[in-house]
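# Geometric and topological summary
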Amino acid sequence: MNTLPDLTLHAALDLLNRKEFSATELTLALLERIQAVDNQIQAYLTPTPEAALTAARQADQLRAQGETRPLLGLPLAIKDNISTRGVPTTAGSRILEGYVPPFDATVVERLKAAGAIILGKTNLDEFAMGSSTENSGFFTTHNPWDLERVPGGSSGGSAAAVAAGEALAALGTDTGGSVRQPASLCNLVGLRPTYGRCSRYGLIAFASSLDQPGPLTRDVTDAALLLGLIAGADPHDSTTRPEPVPDYLAALTGDLKGLRVGVPREYFVAGLQPAVEQAVQAALQTLVDLGATLVEVSLPHTDVALPVYYLVAPAECSANLARFDGVRYGFRAPATTLEEMVSQTRGQGFGPEVTRRIMLGTYALSAGYYDAYYRKAQQVRTLIKADFDAAFQQVDVLAGPTSPVTAFRIGERADDPLQMYLADIFTLSQALAGIPAVSVPCGFDESGLPIGLQLAAPELAEAQLLQVAYAYEQATPWHQRRPALPGK
Amino acid sequence: MSLTREEVDHIAALAHLTLSEAQKARYQEQLSAILDYAARIQAVDTSTISPTATVLPLRTILRDDTMTSPLPREEALTNAPEAIEGCFAVPPLR
């Protein structure tokens, strides 16, 4: 078996620079892996093997000419709600079937400029609404650790691709946990940056006050590498933060002496799978062994984060998805009048979860209900953010589980929207507060399914966040485990 | 708190969604359950709390007043289901 597809980005870059292999050989190895396993994993909606090989040959030429770029010749996957020039981008929705963006998202443009090779576009829950990829308009992605289970979502295709060696790393997007939760379920590092740290230009909008792109990688060093490349102000997105981007790789020293780690008591509650609780408690002890001090803190509004999120995000989605009307792109239903065309296109083009959220958001914003639902949710959002502000007066980072459970079975929650929403219970409040958070592998349950430790930090404190994650990772073996793949 | 069938019809019309009778019945049930769950935020006292629409500090973003090259019209139209003479084309209003 060719093990090149299982390398980290930084290891592969090192070997490329030492001419141990070429970018073309590396890309071919990944394409072979995709060929061998993707019929069972189903991570990719649109693989782009020819374009990837062309880019790999160019990368080899550039390297031969002495070019050094931070990702030169490294093959990545991109979630299919992130626009790629000339490559179909569907957001997992039938309503965008056949849409080919005439431009690259800023984060894609930056990765390409850094020399990255794009292997293709990965599956997701339709418009990033879901926690399992079961809401994809096309098919469900399978978890490489157990093919009968979900990879998490909504960036489940990106997570499964990286876990199965179908990409060295991937980009996802996180609106309420969509990078962190699949990272947890697939034994990866998944980072949600501070809101505004990375440009949203070219991300197909779901909830504009919450959406952030983020990396899914095999270790913390790779997450730091990718964040450093995609972060920073963008004239195309007025919500990007103007603060300079620090050297995240330089922050990874492994030293935790004097660090204060807050443990929110609300994160250890009924419904938490015992194996998850044990693994997270053991991880907390590891942080103590590394020199950190644990401080119990309270985030009193944790229990209302879920209803707040499921009012704010659908309200924003109902406005954002108004643009899908059959006029400018994507699917159009045949009809004799404009009004009928728009309503039929939307009725037929959107899947059940997206329709549900548009309706929920429309209701929360409608006359007579705006104050009781949308405005009230935004007020409680203020309190959720204030909880974090208060906690960060006492501690440097917060630690807890990423997901209350390990990967669940395909179909297990698909028919009950509220049950599915509960999968995100620990990842919503950081998104509402706009702060960065990362999921790091921290163990396995009795069925051999991965468990994730979630760390969160104050806004723009990604360097410290990654430093803590790195110290933990270097002290533990979990991130080095790879799944036994079908037919490999 | 339960959504009535008339409310479901009203929301679907506002959102420009043509739905079947079976879909409307299912969404009535599911949205009612979600709204019942969401009702727990009403117990939080927010009488003195201002709403958060964005976590960003409010500031005005301006760009330099210079010409840039926009997407060419032909490219903007390449994804249109129907385009006529450089414009998006749609069915008649009635």
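Data block above holds the structure.
Residues numbered from 1 in each chain as written. Chains lettered and ligands numbered in written order. Predicted model: local features only at pLDDT ≥ 70, side-chain atom pairs only at ≥ 80, totals over all residues. Heavy atoms only, no water.

## Focus on the side chain of Glu316(A)
Residue placement: Glu316(A) occurs in helix H9 (residues 305-320). Those residues in contact with Glu316(A), other than ones at most four positions away along the chain, are Phe206(A), Ala207(A), Ser208(A), Ser209(A), Leu210(A), Tyr374(A) and Arg381(A). (Helix = DSSP H or I, 4+ residues; strand = E, 2+ residues; numbered from the N terminus. Contact = heavy atoms within 4.5 Å.)

## With respect to helix H5 (residues 156-163) of chain A
Residues and elements named next belong to chain A. The buried count for H5 comes to eight of eight residues, which makes it a mostly enclosed element. Of all the residues in H5, the buried ones are Gly156, Gly157, Ser158, Ala159, Ala160, Ala161, Val162 and Ala163. Glycine 165 sits one or two residues past H5 and shows a positive phi near 75 degrees. (Buried < 20%, exposed > 50% of the residue type's maximum accessible area, 1.4 Å probe, protein only.)

## Focus on the side chain of Ser132(A)
All names here are of chain A. Relative to the helices and strands, serine 132 resides in the loop between strand E3 (117-122) and H5. Within polar-contact distance, the side chain of serine 132 engages the side chain of glutamate 134 at 2.7 Å. In this view, serine 132 contacts Asp125, Thr140, Val150, Pro151, Gly152, Gly153, Phe408 and Met420; residues no more than four positions away in its chain are not counted. (Polar contact = N/O pair within 3.5 Å; in protein donor to acceptor, adjacent residues only side chain to side chain.)

## Thoughts on the pairing of strand E6 (residues 212-217) of chain A
Residues and elements named next belong to chain A. Across the six residues of E6, six count as buried, placing the element largely inside the fold. Taking every second residue as pointing to the same face, both faces of E6 are buried, with Gln212, Gly214 and Leu216 on one and Pro213, Pro215 and Thr217 on the other. Where strand E5 (residues 189-192) meets E6, two bridges bridge the pair, whose relative direction is antiparallel. Looking at the pairing, valine 189 lines up with threonine 217 of E6. (Pairing = 2+ DSSP bridges.)

## Quick look at the nonpolar core
Residue and element names in this part refer to chain A. By size, the foremost hydrophobic cluster in this structure holds 175 residues, and its most contacted members are Leu71, Phe127 and Leu455. The biggest single contributor to this core is H9, with nine residues. Once residues lying within four places of it in the same chain are set aside, the contact partners of leucine 455 are Leu287, Leu398, Ala399, Pro436, Ala437, Val438, Val440, Leu465, Val468 and Ala469. Among the nonpolar cores identified, the runner-up in size contains seven residues, and Val150, Phe408, Met420 and Ala423 belong to it. (Core = buried A, V, L, I, M, F, W, Y, C linked by side-chain atoms within 4.5 Å.)

## Section: unusual backbone geometry
Residues and elements named next belong to chain A. For the peptide bond that leads from glycine 153 to serine 154, omega is 10 degrees, which places it in the cis range. By the element assignment, serine 154 lies in the loop between E3 and H5. One non-glycine residue, lysine 19, lies in the positive phi region at around 60 degrees. Residue placement: lysine 19 occurs in the loop between helix H1 (9-17) and helix H2 (23-41). The backbone phi angle of alanine 91 is positive, close to 55 degrees, even though this residue is not glycine. With respect to the helices, strands and loops of the structure, alanine 91 is situated in the loop between strand E2 (75-79) and helix H4 (106-113).

## Things to note about the interface of chain A and chain B
In this assembly, 67 residues from chain A lie in contact with 50 residues from chain B. Taken together, the two surfaces of chain A and chain B that pack against each other cover about 5100 Å², and 67% of this comes from carbon and sulfur. A per-residue breakdown of the area chain A buries against chain B is headed by Met359(A), Tyr363(A) and Lys376(A), which together make up 13% of the total. Scanning the region where chain A abuts chain B turns up two salt bridges. Of the charged contacts in the structure, one is a salt bridge between Glu75(B) and Arg85(A), with a shortest N-O distance of 3.8 Å. For the pair chain A and chain B, the interface holds 20 residue pairs in polar contact (both at pLDDT 80 or more). When residues of the side of chain A that touches chain B are traced back to their parent elements, those giving at least two are H9, helix H10 (338-349), helix H11 (352-365), helix H12 (370-394), helix H13 (417-421) and helix H14 (428-433) of chain A. Among the elements that make up the side of chain A that touches chain B, the one with the highest residue count is H12(A) (12 residues). Broken down by class, the residue content of the side of chain A that touches chain B amounts to 34 nonpolar, 20 polar and 13 charged. (Buried area = accessible area lost by both parts, 1.4 Å probe. Salt bridge = Lys/Arg side-chain N within 4 Å of Asp/Glu carboxyl O. Nonpolar A, V, L, I, M, F, W, Y, C, P; charged D, E, K, R; others polar.)

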